[in-house]
Amino acid sequence: MKINIDLKLTENRLQYWRERRVRRMKTVTIHDVVLASGCSAATVSRVLNGRHAVAAATRAKVEEAIRKLNYRHAAFERRVVAIIHPVYEPNLQFAEGSYPMTLLGALTRELYARNYRVMVVGECDLDLVTPDRFCGAVSMTYSDRISERWSREQPLPLVIVNSPRRPHDQVYSIVSDDGQGIELAVEHLYRRGHRNIGFLQVTDVEWSQSIREDAFRRAMERRNLDSSRLRTVSFNPFLYEPLGVLVHSNATALLVAAEGAGHRVLSALSLFRLRVPDDLSLVCWEAANISECTFPPLTTVGQGLAAIGRCAADCLDAFLAGKPSEMQFRIPYRLTARESVKEL
């Protein structure tokens, strides 16, 4: 029996297997990390998976070997990112159109566009975020506990949104420029003739509270205006009392620095029989898809959520590529003028 052999096809196949063998020979495995670090396979595995029962000196040796060999765990190739979400008030936090859901959408859109897979993990389930499952994480919470734990125990990159990093934290931080946002709002009201401007802040975050209060005072004092019409309250659905104080202070305009509170302020003002903008002009921190649907549509100071998403993905890309990167980023706000501010 005569057998026809395509020598060219056979040679191509042989070349393919030779190249595949070379690639396999060049691939750095966990065994190479074991040899380079002088530690056991079990110890190296504990370090890679973020386990706690490893001495600091031993962990440092393993991490140094990983850096020198440029070892990449399988999860790095899968490109799976954990988005850490706060778990308090779940019904409010996951409501459609809420600020957390809007931010989550901006992050996932950008990560998907860069071929990352995304999994949302609650803050109470941080033990699930290990290097054998994920290549990095983005945190939407304000918890300092997360950044402390990550810097101490986790080899994965972490990007914290809306929370500043401290000098010793080995995490990326993306914050919106609150001072610039307050300045935008005050300038917008000032150009339209408002001089008696009230400021209402609804927050439970101490660092953000002080930054916004100080920014409001500075913006008013630069224009020789009274900055005493200022109230800060904890986040709650009842704003009648602080609004009542500001309404009776002869303010012609109100700046509400609270994400997601614009529609509640409108509702509370209606109980005082005040019309916006005829009786009181209003500038709010509110999602664009919400503020354009209120009556009247609200003039809004909004975070650059798309820019935050791009910046978070850039941080992960830089870390996985082994490229140096800044650790702290500040994103400017944008003002959208609508019908809730009257010209005086």
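Here the structure is a predicted model, which means the values were calculated and not measured. (Residues numbered from 1 in each chain as written. Predicted model: local features only at pLDDT ≥ 70, side-chain atom pairs only at ≥ 80, totals over all residues. Heavy atoms only, no water.)

Draft legend 1. Quick look at the environment of Phe295. Here Phe295 is to be found in the loop between helix H13 (288–291) and strand S10 (299–303). For the pair formed by Phe295 and Val276, sequence separation is 19 residues and the distance between their alpha carbons is 8.5 Å. (Helix = DSSP H or I, 4+ residues; strand = E, 2+ residues; numbered from the N terminus.)

Draft legend 2. Layout of the pairing of strand S11 (residues 328–331). With burial as the criterion, only one face of S11 is covered, namely that bearing Phe329 and Ile331; the residues Gln328 and Arg330 on the opposite face remain uncovered. Relative to S11, strand S5 (residues 172–176) runs parallel, the two sharing four bridges. The residue of S11 that forms the bridge with Ile174 is Phe329. (Buried < 20%, exposed > 50% of the residue type's maximum accessible area, 1.4 Å probe, protein only. Pairing = 2+ DSSP bridges.)

Draft legend 3. Summary view of the nonpolar core. Leu103, Leu107, Leu111, Val138, Val159, Ile174 and Ile308 are the most contacted members of the largest nonpolar core, which has 27 residues in total. Among the secondary structure elements, those contributing two or more residues to this core are strand S1 (80–85), helix H7 (99–113), strand S4 (158–161), S5, helix H14 (305–320) and S11. The dominant element in this core, judged by the number of residues it contributes, is H14, at eight residues. Not counting the four nearest positions on each side in its chain, Leu107 is found in contact with Ile83, Val138, Met140, Ile308, Gly309 and Ala312. Judged by nonpolar contacts, the second largest core, of 20 residues, contains Val186, Ala257, Trp285 and Val341. (Core = buried A, V, L, I, M, F, W, Y, C linked by side-chain atoms within 4.5 Å. Contact = heavy atoms within 4.5 Å.)

Draft legend 4. Local environment of the sheet that holds strand S8 (residues 253–257). Read from one edge to the other, the open sheet built from six strands follows the order S7-S6-S8-S9-S10-S12, with strand pairing classed as mixed. The sheet is open, and its two edges are formed by strand S7 (230–233) and strand S12 (333–336), each paired on a single side. The sheet shows a mean angle of 15 degrees between the axes of neighbouring strands, direction not considered. Relative to S8, strand S6 (residues 197–202) runs parallel, the two being bridged by five bridges. The residue of S8 that forms the bridge with Gly198 is Leu254. On top of the sheet, helix H9 (residues 178–191) reaches S6, S8, strand S9 (281–284), S10 and S12; it is set at about 20 degrees to S12, its chief contact. (Axes fitted to C-alpha atoms, helices over the stretch in contact; angles between N-to-C directions.)

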